[in-house]
2 protein chains.
Amino acid sequence: MKYRNFPMVPRVIFGNGSFAQLGEIIMPKRKNSEAPFIFLIDAVFEGKALVTEIPLLFNDQIVFISADEEPKTQQVDALVKLIKETYNELPSGIIGIGGGTLLDLAKAVAIMLTNSGSSSEYQGWDLVKKPAIYHVGIPTISGTGAEVSRTTVLMGPEKKLGINSDFTPFDQVVLDPDLTLGVPKEQWFYTGMDCYIHCIESLNGTFLNAFSQSYGEKALELCHEVYLNDISMAESRDKLMMASWHGGMSIAYSQVGVAHAMSYGLSYLLGVKHGIGNCLVFQHLEEFYPDGVKVFKQMQKKHQIQLPTGICANLSDEQFDLMINVSFGLVPLWENALGANWQEIMTYDRLLALFRKI
Amino acid sequence: MKYRNFPMVPRVIFGNGSFAQLGEIIMPKRKNSEAPFIFLIDAVFEGKALVTEIPLLFNDQIVFISADEEPKTQQVDALVKLIKETYNELPSGIIGIGGGTLLDLAKAVAIMLTNSGSSSEYQGWDLVKKPAIYHVGIPTISGTGAEVSRTTVLMGPEKKLGINSDFTPFDQVVLDPDLTLGVPKEQWFYTGMDCYIHCIESLNGTFLNAFSQSYGEKALELCHEVYLNDISMAESRDKLMMASWHGGMSIAYSQVGVAHAMSYGLSYLLGVKHGIGNCLVFQHLEEFYPDGVKVFKQMQKKHQIQLPTGICANLSDEQFDLMINVSFGLVPLWENALGANWQEIMTYDRLLALFRKI
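Residues numbered from 1 in each chain as written. Chains lettered and ligands numbered in written order. Predicted model: local features only at pLDDT ≥ 70, side-chain atom pairs only at ≥ 80, totals over all residues. Heavy atoms only, no water.

## A closer look at the UniProt feature "domain: Fe-containing alcohol dehydrogenase-like C-terminal" (unreviewed entry) in chain A
- In the numbering used here, UniProt assigns the feature "domain: Fe-containing alcohol dehydrogenase-like C-terminal" (unreviewed entry) to residues 190-297 of chain A.
- Secondary structure content for residues 190-297 of chain A is 77% helix and 0% strand, while the C-alpha to C-alpha distance between its ends is 13 Å. (UniProt positions renumbered as here; feature names shortened; annotations may be inferred. Helix = DSSP H or I, 4+ residues; strand = E, 2+ residues; numbered from the N terminus.)

## Regarding the relation of the copies chain B and chain A
- Of the two same-sequence chains, chain B is brought onto chain A (RMSD 0.0 Å, axial shift 0.0 Å) by a rotation of 180°. In short, the pair behaves as if placed about a two-fold rotation axis. Nearest to the rotation axis, the C-alpha of P10(B) is located 2.4 Å from it, this being the minimum over chain B. (Least-squares fit on C-alpha atoms with pLDDT ≥ 70 in both.)

## Description of the interface of chain B and chain A
- With 40 residues of chain B at the contact, the number on the chain A side is 40 residues.
- Contact with chain A buries surface across chain B, with Y3(B), N5(B) and M8(B) losing the most and accounting together for 19% of the total.
- Across the chain B-chain A interface, the total number found is six salt bridges.
- R11(A) is the salt-bridge partner of D166(B), the closest N and O atoms lying 3.0 Å from each other.
- Taken together, the connections running from chain B to chain A amount to 24 residue pairs in polar contact (both at pLDDT 80 or more).
- Listed by contribution, the elements that provide at least two residues to the side of chain B that touches chain A are β1 (5-7), β2 (11-14), α1 (22-26), β10 (172-175), α6 (210-228) and α7 (233-252) of chain B.
- For the side of chain B that touches chain A, the leading source of residues is α6(B), giving nine residues.
- Relative to β2(B), strand β1 (residues 5-7) of chain A is paired through three bridges, and the arrangement is antiparallel. For F6(A), the partnering residue across the bridge sits in β2(B) and is V12(B). (Contact = heavy atoms within 4.5 Å. Buried area = accessible area lost by both parts, 1.4 Å probe. Salt bridge = Lys/Arg side-chain N within 4 Å of Asp/Glu carboxyl O. Polar contact = N/O pair within 3.5 Å; in protein donor to acceptor, adjacent residues only side chain to side chain. Pairing = 2+ DSSP bridges.)

## So, the packing of aromatic side chains
- As enumerated under the stated definition, the model contains 32 aromatic pairs over all chains in all.
- Taking the centre distance of 5.9 Å and the plane angle of 25° together, the rings of F282(A) and Y289(A) count as stacked. Residue F282(A) shares its accessibility class with Y289(A), and that shared class is buried.
- Ring centres 5.8 Å apart and planes at 45° place the aromatic pair F328(B) and W342(B) in the tilted group. (Phe/Tyr/Trp six-rings, centres within 6.5 Å; stacked < 30°, edge-to-face > 60°. Buried < 20%, exposed > 50% of the residue type's maximum accessible area, 1.4 Å probe, protein only.)

Here is the structure:
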């Protein structure tokens, strides 16, 4: 058995208001006054107080990016091109501020500033050859685990797949639960369920070990506290941020499963956002995760979340075929969920029937 | 409020048999054939199978060190002197294999190879100026959390105190539960209780935050599983190794408390080993940690652990005075346990009365 030597985020600061320490944290990483920090920020913060607190110096730059769509390889390539054209030297670092979309873009841009070609060439496992430039992740919504993972999931021309590599994780993470204050309720639910579903998939997977299990169990407990118990809003923000962190660590050393494999297909074809996509799929997976789906429905009911229906009602055979092929391409996810003989268990027709329910 | 930007171990490998991957892991860190790896190994492994699996190359060196006594600053200084005299250049790295004593020695030696003077000058908080050389921690007994902490606790000429710094944590940790196979029962109990007591102190401390709490709760749960439930030996080894890891993370972002402050005094004066010292103190701390002490006694009973008595029976007033002074010197621990006005709560006489019970 060969084990992965897992890269952890080497620096983390946690606490309400810790965002105010960002300037001090990145100061020693400034190479010189010509090498800027590039802040990639979710466009929802445009004109908001958060922006006034960004520690801009010299020729640092803020780029607002909409998170309405999943991050794309073309988007990464365009950002890298822009940065290279604007500056004579490599930036001091890339700082992503937002949800999974912004965090994944920041990781990918940091990688592609030192690796040649298109980011789509690096979608897969361990294809990145050179270390990324210094990059910082600052989540403003909790659940994806992108702040701690060794992947950056991108929509490419041919597939939705992560750039999984030892150079992907952030060099620094700032966990400031106060930054999640303004998240709308639906998004709070869908993104938190990304974490919840990670845990269910990790804890029920064949790749599970005591390391992943301990993180997954803790993250799951925290999700239960946040979504089933009645705790204060402040405590809820704190706990969901830690749930996301531990949930990310859990899958980092194991893998996700059926829901993620299917949700990638759904996103690829229809552009469905990752959080809601997972929920759309997961509700129909009782046969694989009976307890997990039951509790998911309790949470959904408690928070009065109505999932859209008929998403796949009018798809053509070709469209289903494409979705199924993208999904089947995620071999490690299926292996984790169903074991080495997963292809015997999850046939084309069975997967098609599941997609038709959505 | 100012938060600590905490350094995490940037690489970790987990799994039974993962020790076999050590050679491959350290290979890229070999500077050249003249710069050796120095393996500091607990002397109990002398002549054992583990030694044959050490990936020795070129002029690498194994140094066996007894863990019968707590690690000392003089010992660190002597090891550094020896290494500097033996080799023309700095080693490629230091690898500690053993319990807390060996791990702390490895961390301290790695620091002192690049920082001048005696290690006793660096006992305290953030006194280290230069990065340590590459260092790897491989625990062979679980509980201390030394594999993940930013301290290396040393007995100095004037005090028992850690070198707490951002340069202290290991660059790489190998978590191989199989390495804990031969640990004697008493040591297994005392070292595991170090973790248990960390958690109780962290979770009941005034420094607690959601980050520490989530790690501390998980570590505590794992301790309960290991010491109160009837699980298999293999599962128990896995879970205790993860308990130590999470327990270490919990105190990393908060602090220990009364038991550790007192146990440092006990160790300093009488050379009592850290694990048993914590137990000797903790059993008398019902007034501070009522639930924690109750469960501790259940665990002790289940595993038929008899703690020695009368340890402080024949001490002189001067000896008590010294012990109390060392203990009171650990200000952050008392602040965490009892709050800013701890000196009003824990008077000299009250502490003396507690020590007299041991």
